[in-house]
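# Descriptive structure summary
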Amino acid sequence: MSGVRRATLRVLPLHLIAVLLVAGCGGAPAPSDAPLPPVAATSAATPGVTSEMTGIDLLFLSMMAGHTEQTLQIVRLVRDRLSDSELRTLVAAVEATESDELATARGWLARAGRSARADDHAGHGTGPEQLARLRDAPDAEVDAVLIEVLSAHQQAAADLARAHQEAGTDARVLDLARRVEQSRTAQVALMAGRPAAG
């Protein structure tokens, strides 16, 4: 763990550290060269918010990149096997949205001189046994298994993003965290009304 990250974690409330470490998962590929969007106009008007990414902002981006990479792995395992049309639509939307978010996070990390692997938290996300369940699920059960696995995975992302909104400083990263929380929470709600695996 780097000195910057240790110093950052020391000043965070314990419950935020717990959420950031437990909800995050690593294993994302090396960063791309996606461009930085302009700083949001709200950054100057929001008290306590700066346009400089701090250690906690970079930690969030790194953990979210790893989590998002795993989300894409999950949906790509089953996207051609789903029978529920709403789930197929959801999976397509998740893949498109999170591919863009991943490129953004990698780009910001690259500009800061950080790799998306800088804060590897492999083992805290969806485990290999759950991926194997998805991979091996019979066609009649794949929809229900996806709902169970993806709901838990996306709830973890919403929790991570919610925690970052209390701890982050950069307006762009805070905006990303807000959007992540909103979209993942909506996805979990959509899946909640569908039958889960028995």
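Residues numbered from 1 in each chain as written. Predicted model: local features only at pLDDT ≥ 70, side-chain atom pairs only at ≥ 80, totals over all residues. Heavy atoms only, no water.

### Quick word on the nonpolar core
Keep this limit in mind: Remark: nonpolar core denotes a set of buried residues (Ala, Val, Leu, Ile, Met, Phe, Trp, Tyr, Cys) joined through side-chain atoms within 4.5 Å. Residue exposure (1.4 Å probe, protein chains only): buried if accessible area is under 20% of the type maximum, exposed if over 50%, otherwise partly exposed. To qualify as a helix, a DSSP run of H or I must reach at least 4 residues; to qualify as a strand, a run of E must reach at least 2; elements of each kind are numbered from the N terminus.
The biggest cluster of nonpolar side chains holds 22 residues, and the ones touching the most others in it are Met53, Phe60, Leu61, Met64, Trp108, Val173 and Leu176. Taken together, the elements giving at least two residues each to this core come down to helix 4 (55-78), helix 5 (85-111), helix 7 (142-167) and helix 8 (171-192). At nine residues, the largest contribution of residues to this core is made by helix 4.

### Some thoughts on helix 8
Turn by turn, an α-helix covers 3.6 residues, leaving residues three or four places apart pointing in a common direction. What counts, and what does not: Multiplying 1.5 Å by the helix residue count minus one yields the expected span of that helix.
For helix 8, which comprises 22 residues, the first-to-last C-alpha distance of 32 Å matches the rise-based estimate of 32 Å (1.5 Å per residue) to within 8%. Where helix 8 is concerned, the buried positions are Ala171, Arg172, Val173, Leu174, Leu176, Ala177, Val180, Glu181, Arg184, Gln187, Val188 and Met191.

### A look at the packing of helix 4 against helix 6 (residues 128-136)
Test applied: The angle between two axes is taken between their N-to-C directions and runs from 0 to 180 degrees, where each axis is a line fitted to C-alpha atoms and a helix contributes only its stretch in contact. Should an angle lie under 35 degrees it is considered roughly parallel, over 145 roughly antiparallel, and from 65 to 115 roughly perpendicular; all remaining angles are considered oblique. The crossing is said to be left-handed when, going from far helix to near helix, the turn is anticlockwise and less than a right angle, and right-handed when the turn is clockwise. It only takes one pair of heavy atoms within 4.5 Å for two residues to be counted as in contact. Under the convention adopted here, Pro, Cys and the residues Ala, Val, Leu, Ile, Met, Phe, Trp and Tyr are nonpolar, Asp, Glu, Lys and Arg are charged, and Gly plus all remaining residues are polar.
Where helix 4 meets helix 6, the axes come as close as 9 Å, and the angle between the chain directions of the two elements is 20 degrees. Relative to helix 6, helix 4 is oriented roughly parallel. Seen along the crossing, helix 4 lies across helix 6 with a hand that is right-handed. Together, Gln73, Ile74, Leu77 and Val78 of helix 4 and Leu131, Leu134 and Arg135 of helix 6 make up the contact between the two elements. Each residue belonging to the contact of helix 4 with helix 6 can be placed in one class, and the counts come to five nonpolar, one polar and one charged.

### With respect to the side chain of Glu101
Locating Glu101 in the fold gives a position in helix 5. In this view, Glu101 contacts Leu176, Val180 and Arg184; residues no more than four positions away in its chain are not counted.

### Things to note about helix 4
The end-to-end C-alpha distance of helix 4, which contains 24 residues, comes to 36 Å, matching closely the 34 Å that a straight helix rising 1.5 Å per residue would cover. The element helix 4 is largely enclosed, with a buried count of 20 among its 24 residues.

### Brief notes about the pattern of salt bridges
Here is the rule we go by: Counted as salt bridges are all cases of a side-chain nitrogen of Lys or Arg within 4 Å of a carboxyl oxygen of Asp or Glu.
As enumerated under the stated definition, the model contains 11 salt bridges in all. In this structure, Arg162 and Glu181 form a salt bridge, with 2.8 Å as the shortest nitrogen-oxygen distance. A residue pair is termed long-range when its members are at least 10 positions apart, and Arg162 in helix 7 and Glu181 in helix 8 qualify at 19 residues. Look at Glu181 and you get buried, because its relative accessible area is 19%. Among the salt bridges present, the one from Asp170 reaches Arg172, with a minimum N-O distance of 2.9 Å. Side by side, Asp170 and Arg172 carry an identical accessibility label, which is buried. In the salt-bridge network here, residues are joined through shared partners; they are Arg76, Arg79 and Glu95.

### What to know about the confidence of the model for the protein chain
Filter applied, for reference: Per-residue confidence from the predictor is given as pLDDT, running between 0 and 100.
Residues with a pLDDT of 70 or more make up 67% of the protein chain, whose mean pLDDT is 77. Considering only residues more than four positions removed or in separate chains, one finds that residues 1-50, a stretch of pLDDT under 50, has 99 contacts.

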